[in-house]
Amino acid sequence: MLTLKIALRNIYRNTRRSTTTLSTIALGAAAVSLFGAFITYIEYGVQTGAIQQTGHLQVFRNGYFDFGTASPSEWGIENYRAVLQLIQQDPEIKSLSAVITPIQSLAGIVGNSDNNTSKTFFGVGFVPSERDRMKEWNEYGTGSQGLKHSGLTDDDLSGGITGIGLVRILGLCTQLHLNQCPTPTAPTLAEVHDPPVTARAVSLTELAERDKPGGNAARKNSESTVDLLAATAGGAPNIVSLQIERVEMQSMKELDDNYIGMNIGLAQNLIYGRGDHKATGIVVQLKRTEDLQSARARLLHLFKEHDLHLEVRDFTELNPQYNQIIGLFGSIFSFVSVIIGIVVVFTVSNAMSMSVVERTGEIGTIRAMGVRRKGIRRQFLVEGSLLGLIGATFGILLAYVAAFGVNHSAITWTPPGRVAPVPLILYMTGAYWLIGLTWLGLLLISSFAAVIPANRAGRMTVVDALRHV
């Protein structure tokens, strides 16, 4: 206790130097803590977007993840309704899950015959009501990303969602009354290469009229209807009409220019026609992310028990950019922490060295009174540790005050995976372990920085001290 009292008095002995040292440690602690809270916000936001889109887990036929994306119709889950029922009725999975729903991936050509435009697309079929429930998942309070409500219904197979880039390419901006969606002014392909485009347009129109009583009369009377052309599982061409109900801007231009979302029934009609309908995968969205491993283990056990050749992939495998983003910010955090740690080491070491020089006479006096070298070293180590303790504590408090100010301000930014600005939130509560590690790290760094000055003071003899008197 006496050593602690003397250390405190020595710290406040030189107010200016101690204040500078404590300020450096406090600002370093605040900077690292705030950046850790920002990284936590990034992680929660990216994770929320991925889970709202793809769920925590997806079930595929063995080999689909590695080879099946080129031909999702051939790698679909046969009798998927029985598999879906098996998963939904399992007591353990049922208690952990929020949504369990099938999806159908597909690719093909989308065309707008009114202005003779067409392009390739890739899309996904889903159950609209269950897709909307997935968008409600918000474990960390970051909000819904993208369209919270698709505007589609489970019993209507005609509607769909597209990216705004796809609408722009097909020349449907005016029909859908979209802002910031330019209308092409250059000559259309039909004016430049009339014969080829006309032949293709007629072909699409004829295909659209097949199996539809009354021909064009069966089509919706809307200018926002497009035709989707794809090869069925048997290799034959098939076409369906899609009414664009909503437009959703995607996070990447390549995705925005090619994405179409639709009712799973329409996707299956396009891919399988009158054949047996399959599903590309089954999405399992959990209530809590911490249950991911236990749910995955249970699914694998369930499939093995029923001799089902299915595999399970989690959202980090389905969204490789998630690990890339988290890894990038983790590397930046480590770099910033190392730089701040080095600054603290030199600041504390310099302060303690100056203190040793100034107190040379005192050191000699207490050495003459019988204090051993170990006691001298301990005294300076305690002073360095107190500097780290006080500075880091004030730094953490400063970080909480700064985070409160940022969270209650109108600061916005566009995080990874989003296309619109959102409020900037620093998740101090979610970064507890980073804040605790920062506090402990600066305490240890300050103690380490005092080791060399403390050893220097401990090696002093009475004769060395008298030389400075």
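Residues numbered from 1 in each chain as written. Predicted model: local features only at pLDDT ≥ 70, side-chain atom pairs only at ≥ 80, totals over all residues. Heavy atoms only, no water.

### Remarks on the confidence of the model for the protein
With 87% of its residues at a pLDDT of 70 or more, the protein has an overall mean of 83. Across residues 194–203, confidence stays below pLDDT 50; counting only partners more than four residues off in sequence or on other chains, it has seven contacts. Residue range residues 211–221 is modelled with pLDDT below 50. Its contacts to residues more than four positions away, or to other chains, number 16 contacts. (pLDDT = per-residue confidence, 0-100. Contact = heavy atoms within 4.5 Å.)

### Things to note about the nonpolar core
Of all hydrophobic cores here, the largest spans 73 residues; its most connected members are Phe 38, Val 59, Ile 87, Ile 282, Leu 299, Phe 303 and Phe 380. Sorting elements by how many residues they give to this core places helix α2 (residues 15–54) first, with 15 residues. Apart from the residues within four sequence positions on either side, Phe 380 is in contact with Met 352, Ser 355, Val 356, Arg 359, Ile 363, Ala 450, Ala 454 and Ala 457. Core analysis: the next-biggest nonpolar cluster, separate from the first, contains 23 residues, Leu 228, Ile 244, Ile 260 and Leu 270 among them. (Core = buried A, V, L, I, M, F, W, Y, C linked by side-chain atoms within 4.5 Å. Buried < 20%, exposed > 50% of the residue type's maximum accessible area, 1.4 Å probe, protein only. Helix = DSSP H or I, 4+ residues; strand = E, 2+ residues; numbered from the N terminus.)

### Overview of unusual backbone geometry
For residues besides glycine, phi is generally negative; the peptide bonds are generally trans as well. For Asn 79, which is not a glycine, the phi torsion comes out positive at approximately 50 degrees. With respect to the helices and strands, the residue Asn 79 is situated in the loop between α3 (64–67) and α4 (80–89). Here the phi dihedral of Asp 307 falls at roughly 55 degrees; this positive angle occurs in a residue that is not glycine.

### Some thoughts on the side chain of Ser 97
Counting through the fold element by element, Ser 97 comes out in strand β2 (residues 97–112). Take Ser 97: its relative accessible area is 10%, and that puts it in the buried class. For Ser 97, the side chain forms a polar contact with the main-chain oxygen of Ile 93, separated by 2.9 Å. Ignoring anything within four residues of it in the chain, the contact list for Ser 97 reads Val 284, Gln 285, Leu 286 and Lys 287. (Polar contact = N/O pair within 3.5 Å; in protein donor to acceptor, adjacent residues only side chain to side chain.)

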